[in-house]
Amino acid sequence: MGLSKFKKGDMVKIISGKDKGKTGKVLKTIPDKDRLVIEKINLIKKHKRPDQKSKGGILEKEGSVHVSQVGLLCGKCNTAVRIRNKKLEDGNKVRICAKCGDVINVG
Ligand SMILES: [Zn+2]
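Within each chain, residues carry numbers counting from 1 in the order of the written sequence. Restriction of local features to residues with pLDDT of at least 70 applies here, the model being predicted, together with a cutoff of 80 or more for giving and counting side-chain atom pairs; totals for whole chains, interfaces and linings are based on all residues. To get the side-chain values, take all heavy atoms of the structure and skip hydrogens and water.

**Student:** Explain the sheet that holds strand E1 (residues 11-14) to me, please; I cannot follow it from the model alone.
**Tutor:** Paired through their backbone hydrogen bonds, the strands of a sheet run either parallel or antiparallel. Note: two strands are recorded as paired if DSSP finds a minimum of 2 bridges between them. Helix and strand definitions follow DSSP, with helices as H or I runs of at least four residues and strands as E runs of at least two, each counted in order from the N terminus. Pairing in this open sheet of six strands is antiparallel, and the strands run E6-E3-E2-E1-E7-E8 from one edge to the other. Strands with a single pairing partner mark the edges of an open sheet, and in this sheet they are strand E6 (64-66) and strand E8 (79-81). Going across the sheet, the axis of each strand differs from the next one's by a mean of 60°, ignoring polarity. When E1 meets strand E2 (residues 23-30), the two strands line up antiparallel, connected through three bridges. Along E2, the bridge assignment pairs Lys 13 with Thr 23. Note on method: axes are straight lines fitted to C-alpha atoms, helices fitted across the in-contact stretch only, with angles between N-to-C directions ranging 0 to 180 degrees.

Right, here's the structure in full:
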């Protein structure tokens, strides 16, 4: 499974790496690199030099996380779960939690 299972606005859980166990909202997907930018995850400190517009200082900005480190969060199971795709009668596709069968809503 690649990046296609994640969408902007999804709630996800980090399943490996230094932010393991944290949850956050997908802010951005980077399809050509299979990476996601997730709210408050993998924060990188950047030193900003003062300029005419601001005083500078340390800024925190989200770095990207590889999709293999991320699982889609099921609100009902309250954990990262495997997802199944289901096609509805009207042709729309929904994502279903493989564990509890609930539809995963897009945040
Ligand atoms: Zn579930």
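Having put the structure on the table, let's press on.
**Student:** Explain the coordination of the zinc ion here, please?
**Tutor:** As a benchmark, a tetrahedral metal site with four donors has ideal angles of 109.5 degrees, while an octahedral site with six donors has ideal angles of 90 or 180 degrees. Donor selection uses N, O and S atoms within 2.8 Å of the metal (3.2 Å for Na, K and Ca). Since no water is included, sites may look incomplete. Taken together, Cys 74 (SG), Cys 77 (SG), Cys 97 (SG) and Cys 100 (SG) make up the full set of protein donors to the zinc ion, lying 2.2 to 2.3 Å away. Here the zinc ion binds four donor atoms, and the angle range of 105 to 112° at the metal identifies the geometry as tetrahedral. Read from N- to C-terminus, the donor residues coordinating the zinc ion fall into the pattern C-x2-C-x19-C-x2-C. Of the two residues, Cys 77 sits in the loop between strand E7 (70-74) and E8 while Cys 100 sits in the segment after strand E10 (93-97), which places them 23 residues apart along the sequence. For four-coordinate sites, all angles between 85 and 135 degrees define a tetrahedron; for four- and six-coordinate sites, opposite donors beyond 155 degrees with the remaining angles between 65 and 115 define square planar and octahedral shapes respectively, and all other cases count as irregular.

**Student:** What should I look at first to understand the nonpolar core in this one?
**Tutor:** One broad trend across soluble globular proteins is that nonpolar side chains are buried collectively. Judged by nonpolar contacts, the single largest core of 16 residues is most densely connected at Phe 6, Val 12, Leu 36, Ile 38, Val 70 and Ile 104. Elements with a minimum of two residues in this core: E1, strand E3 (35-38) and E7. Here the element with the most residues in this core is E7; it accounts for three residues. As used in this record, nonpolar core signifies buried Ala, Val, Leu, Ile, Met, Phe, Trp, Tyr and Cys residues forming a set joined through side-chain atoms within 4.5 Å. Three exposure classes are used, based on accessible area relative to the maximum for each residue type with a 1.4 Å probe and protein chains only: buried under 20%, partly exposed in between, and exposed over 50%.

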